[in-house]
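# Inside the fold
The residues making up each chain are set out below.
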Amino acid sequence: MRNRITLVTVFLAGFVAGSLVLLVRSQEPKAAAPAGGKAAPDAIAQAQTPNEVPAERPEQKKTAHDRSDIFAPSKALPTSEALAEQKDRGQMLGFDFYRDPLGAPTPGTTFEDIYKAGVEGKPKVMATQRKLLESRYNLEARLDPEVTMSRGKPLVVGPTARLPEGTTWDALAALSPDEISKKDIFPYKALPHPAQGGGLGGQVFPPMQIKMFPRLERYDVEFDLPEAFLPEFPPAMFLQNRPELGDVSRGEVVSINNYYRLFADILTPVQLDGLRLLVTPFSQEEFNPTSDRKTAQASLGVTCLDCHTNGHTSGQFHITPDVRPEQRRQRLDTVSLRGVFNQQIHGSKRSLRSVEDFTEFEQRTAYFNGSEIDAIKKGMNILDRIQVSHMAQMQNMFGFPPAPKLTLTGHLDPARATPQELSGEKLFFGKAQCSACHPAPFYLDNQMHDLHVERFLHDEAGDGPIKAFTLRGIKDSPPYLHDGRCLTLEDTVEFFNLVQSLKLSKQEKADLVAFLRTL
């Protein structure tokens, strides 16, 4: 009898496991359509939207029991005649936190109202942002003929920031912060979100990602920087526990539909479960099923790896959830998760002390602009601590791209480096003062630093303390600084040359950029 029970148990376990494998395989994406062919439908959008079918069966048609139109809220009969004598007659005349979007002009605002206003206002919003960007930058990309990112995308050569007519970078660097402020000519002012003034900002994804995942498209705003200035898509993916494998992405964007096929034989069960959670969509402020979403269709939400694509970044930007009032909130670029295993603080402003805490915070409040009220309304996802630890385990696997010219201590190997790169390294650890915040071998100090940029600004606020990010693999991560205001590495060097009064020569700046490209 015991043997029979064991056999039945084994049979059932095998049947369930086989069914799960078939289910996962059935959800894997089909081969891409040929050029010019119709693009494959977005799998997640497909999964949540029923197909329209003809009403052929009796139960599909309206019956006498369906009286929804008769008893709509505006026509609802009172439960008591006493309500006729009451001021509100049993109706909520004020603000309904569940139905009405926060910030709606009047109670009872519908999705159609918001959608129409967003669509109509989008051209003006983006025209204003484009005008701002073109006044600050030369957006015609100049590509390096040789140096590329990890998967082959050419680097853009800067600087791109526009200077006042007749002004040179050397002349600007010779001025004091007070002089630059009085003339209002600082070229790297904070970069605003396109919806900074007319909304709550929110997550915005680049066009190349939206083409692959249409569910990430917003109706009210779009990405503002040209694709040339963004990370490659899809980016390479490296595992710090399997460096010999190199780029494990295989040229694919890791998603809920392919993660198992790609990594079942590479990751441990705990890491694989963490990856599953990182590619599972959860509700977020702009991407959710409620009436104040920013997508035309109701959405399951976004995944962690929608922003941190393949454990890196797609250049997606949003807005900091933990600064108020609204006009002081800062635009934030999504940073890479490469090297998280060695980081001791997390978040540009929040300084959270573990990746587990950061993961929980993101899901609970950062996804909802720091508002737990919105989180409860739109679908707050309370993660079990075991799930959080699994997600952290996976995040800690994301490694840096190879840097063949660096030694074990993170310094250049003289036998492999060029004279210009060696000169740049000497500047990095000397005159340019970069290593004060970005020491080798991982090129970060796990501290937050305040550059006091307000010294250079005319009646504008600074940024306050910002976390120093790792510079390993930095050429893969444009644009730069927490808000992307520096479009290229050359812009970044010019920024710090001004802010730190370094007085670098033109050749020294070029040498420094050459070194940064080796990291």
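### Focus on the overall build of the protein
Helix and strand counts for the protein come out as 15 helices and six strands. Out of the 519 residues belonging to the protein, those deemed buried represent 46%. Sequence separation of at least 24 residues holds for 66% of the intrachain contacts in the protein that already meet a minimum separation of 6. When the accessible surface of the protein is summed, it comes to about 27,000 Å², and 56% of that surface belongs to carbon and sulfur atoms.

### What to know about the nonpolar core
Met237, Val254, Phe263, Leu275 and Met394 are the most contacted members of the largest nonpolar core, which has 53 residues in total. Those elements that provide at least two residues to this core are α3 (111-136), α6 (207-212), α7 (259-263), α8 (269-278), α9 (304-307) and α12 (385-395). Dropping the residues within four chain positions of it, Leu275 is found in contact with Val254, Tyr259, Phe263, Leu267, Leu305 and Met394. Formed by 36 residues, the second largest nonpolar core is a distinct cluster that contains Trp169, Leu172, Ile474 and Phe515.

### A few points about the side chain of Gln203
Inspection of the secondary structure assignment puts Gln203 in the loop between α5 (177-183) and α6. Classification of Gln203 as buried rests on a relative accessible area of 7%. Apart from residues lying up to four places away in sequence, Gln203 is in contact with Arg218, Gln284, Glu286, Phe287, Val302, Cys307, Gln316, Phe317 and His318.

### A short note on the environment of Pro187
Tracing the chain through its elements places Pro187 in the loop between α5 and α6. Separated by 307 residues in the primary sequence, Pro187 and Glu494 have C-alpha atoms spaced 9.5 Å apart.

### Structural notes on unusual backbone geometry
As a rule of thumb, non-glycine residues mostly have phi less than zero, and peptide bonds are mostly trans rather than cis. A cis amide bond, omega 0°, links Gly158 with the succeeding residue Pro159. Along the polypeptide, Pro159 turns up in the loop between β2 (154-156) and α4 (169-173). Each neighbour pair has its own omega, and for Pro478 with Pro479 the value is -5°, a cis peptide bond. Assignment of secondary structure puts Pro479 in the loop between β6 (466-467) and α14 (489-499). A positive phi angle is found at Ser501, which is not glycine, with a value near 50°. Looking at where Ser501 falls in the secondary structure, it is placed in the loop between α14 and α15 (506-516).

### Some thoughts on empty space enclosed by the protein
The final tally for this structure, using the stated rule, is five cavities of 30 Å³ or more. When its volume is computed, the second largest cavity comes out at roughly 80 Å³. Contributing to the lining of the second largest cavity are Met149, Leu155, Val156, Ala228, Phe229, Pro478, Tyr480, Leu487, Thr488, Leu489, Glu490 and Arg517. If you list the elements that add at least two residues to the lining of the second largest cavity, you get β2 and α14. Considering only residue class, the lining of the second largest cavity consists of nine nonpolar, one polar and two charged.

### Some remarks on the pairing of strand β1 (residues 143-148)
If a strand is regular, its side chains alternate between the two faces of the sheet. The pairing of β1 with β2 spans two bridges and is classified as antiparallel. Within the sheet, the bridge partner assigned to Thr148 lies in β2 and is Pro154.

### Focus: the pattern of salt bridges
Within the structure shown, the criterion is met by 24 salt bridges. Across the pair Glu244 and Arg242 runs a salt bridge whose closest N-O atoms are separated by 2.4 Å. For Glu244, a relative accessible area of 54% corresponds to the exposed category.

### Structural notes on the packing of helix α10 (residues 355-364) against α12
α12 packs onto α10 with a crossing angle of 115° between their chain directions and a minimal axis gap of 9 Å. Considering only the axes of α10 and α12, their crossing is right-handed. Along the contact surface, α10 presents Val355, Glu356, Asp357, Thr359 and Glu360, while α12 presents Arg385, Val388, Ser389, Met391, Ala392 and Gln395. Broken down by class, the residue content of the contact of α10 with α12 amounts to four nonpolar, three polar and four charged.

### Considerations on the packing of aromatic side chains
A complete count under the given rule lists 21 aromatic pairs for this structure. Ring centres of Phe495 and Phe496 lie 5.1 Å apart, and the angle between their planes is 85°; this geometry places the pair in the edge-to-face category. What makes Phe495 buried here is its relative accessible area of 1%. In this structure Phe496 comes out as partly exposed when scored by relative accessible area, which is 24%. Three or more aromatic residues joined by ring pairs make a cluster, and in this case those are Trp169, Phe186, Tyr188, Phe456, Phe495 and Phe496. Against the face of Phe111 rests Arg293, its NZ or CZ located 3.9 Å from the ring centre. Lying across the ring of Phe317, Arg331 places its NZ or CZ 3.7 Å from the centre.

Definitions and limits used
- Along each chain, the written sequence defines residue order, and numbers are assigned to residues from 1.
- It should be noted that, the model being predicted, local features are given only for residues of pLDDT at least 70 and side-chain atom pairs only at 80 or more, the latter also being counted only at that level, while totals for whole chains, interfaces and linings use all residues.
- To obtain the side-chain values, all non-hydrogen atoms of the structure were included, while hydrogens and water were left out.
- Only DSSP runs of H or I with at least four residues qualify as helices, and only runs of E with at least two residues qualify as strands; both kinds are numbered from the N terminus onward.
- When accessible area is computed with a 1.4 Å probe and restricted to protein chains, residues below 20% of their type maximum are described as buried, those above 50% as exposed, and intermediate ones as partly exposed.
- Working rule for contacts: check all heavy atoms of both residues, and any pair within 4.5 Å makes them a contact.
- Working definition of accessibility: Shrake-Rupley area with a 1.4 Å probe, residue cover restricted to the visible protein chains.
- Residues belong to a common nonpolar core when they are buried Ala, Val, Leu, Ile, Met, Phe, Trp, Tyr or Cys residues joined through side-chain atoms within 4.5 Å.
- A cavity here means a set of points on a 1 Å grid, drawn over the protein atoms and nothing else, where a 1.4 Å probe fits but cannot get out; a pocket is an open set with protein on both sides within 12 Å along at least five of seven lines, and a residue lines either one if it has an atom within 4 Å of a point.
- Grid points are joined across faces, edges and corners, and a volume is the space filled by probe spheres set on the points.
- Throughout this entry, Asp, Glu, Lys and Arg are counted as charged residues, while Ala, Val, Leu, Ile, Met, Phe, Trp, Tyr, Cys and Pro are counted as nonpolar. The remaining residues, Gly among them, count as polar.
- Two strands pair under a simple rule: DSSP has to find at least two bridges between them.
- By salt bridge we mean one thing: a side-chain nitrogen of Lys or Arg within 4 Å of a carboxyl oxygen of Asp or Glu.
- To get an axis, fit a line to the C-alpha atoms, keeping to the stretch in contact for a helix; angles then go from 0 to 180 degrees between the N-to-C directions.
- Crossings are classed by handedness, with left-handed meaning an anticlockwise turn of the near helix from the far one by less than a right angle and right-handed meaning a clockwise turn.
- Only the six-membered ring of Trp is used, alongside the rings of Phe and Tyr, when aromatic pairs are assigned; centres must lie within 6.5 Å, and planes under 30 degrees apart are stacked while those over 60 apart are edge-to-face, with the rest tilted.
- Criterion for a charge above a ring: Arg CZ or Lys NZ at most 6 Å from the ring centre, at most 35 degrees from the ring normal.

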